[in-house]
Amino acid sequence: MKGLLLNALFGLMLGRFGSVWGLVVFLPLVAAELAYGVYVYHLGMNAGFVRRAFALTVCGQFGFLLGALLRPMRGET
């Protein structure tokens with residue numbers, strides 16, 4: 001649950017203040033979170049592992065899209 005919240009907040013900040021090219025940041029971030037789960041919690045490479053990786057990535061991307069929607073329009077100050 002903390003990973004989902006972390007990815008959502010990180011995606012929100014990246015979408016609000018970053019660019020679309022910042023989406024590649026999620027790949028090493030999700031890989032680090034999954035490696036932590038394998039090392040600490042001894043998760044196996046099964047369907048649960050894949051679901052967790054997919055959920056972390058999608059949560060971050062939805063946060064990014066929400067942050068992009070919160071950007072001010074070009075003509076606004």
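Analysis parameters
- Residues numbered from 1 in each chain as written.
- Predicted model: local features only at pLDDT ≥ 70, side-chain atom pairs only at ≥ 80, totals over all residues.
- Heavy atoms only, no water.
- Helix = DSSP H or I, 4+ residues; strand = E, 2+ residues; numbered from the N terminus.
- Contact = heavy atoms within 4.5 Å.
- Axes fitted to C-alpha atoms, helices over the stretch in contact; angles between N-to-C directions.
- Parallel < 35°, antiparallel > 145°, perpendicular 65-115°, else oblique.
- Left-handed = near helix turned anticlockwise from the far one by under 90°.
- Patch = residues over 30% accessible without salt bridge, like charges linked within 9 Å, V, L, I, M, F, W, Y side chains within 5 Å.
- Areas by Shrake-Rupley, 256 points an atom, 1.4 Å probe, with all protein chains shown as cover.
- Salt bridge = Lys/Arg side-chain N within 4 Å of Asp/Glu carboxyl O.

A.B. asks: Just give me the short version of the overall build of the protein chain, but keep the residues and values in it.
C.D. replies: Looking only at helices and strands, one finds three helices and zero strands in the protein chain. Counting from the amino terminus, the protein chain carries its helices and strands in the arrangement α-α-α. With the C-alpha coordinates of the protein chain rotated into their principal frame, the extents come out at 50 × 15 × 15 Å. Long-range contacts, defined here as pairs at least 24 residues apart, represent 69% of the contacts in the protein chain between residues at least 6 apart.

A.B. asks: An account of the packing of helix 1 (residues 2–17) against helix 2 (residues 26–41) is needed here, citing residue identities and associated values.
C.D. replies: In the contact formed by helix 1 and helix 2, the axes pass within 12 Å of each other and the chain directions differ by 165°. As the angle between them shows, helix 1 and helix 2 are arranged roughly antiparallel. Considering only the axes of helix 1 and helix 2, their crossing is right-handed. Of helix 2, the residues touching helix 1 (which contributes Gly3, Leu6, Asn7, Phe10, Gly11 and Leu14) are Phe26, Leu29, Val30 and Glu33.

A.B. asks: Just give me the short version of a nonpolar patch on the surface, but keep the residues and values in it.
C.D. replies: A grouping of Tyr36, Val38, Tyr39, Val40, Tyr41 and Leu43 is seen on the molecular surface, where their side chains present a nonpolar patch of about 640 Å² in accessible area. Mapped onto the elements, tyrosine 39 comes out in helix 2.

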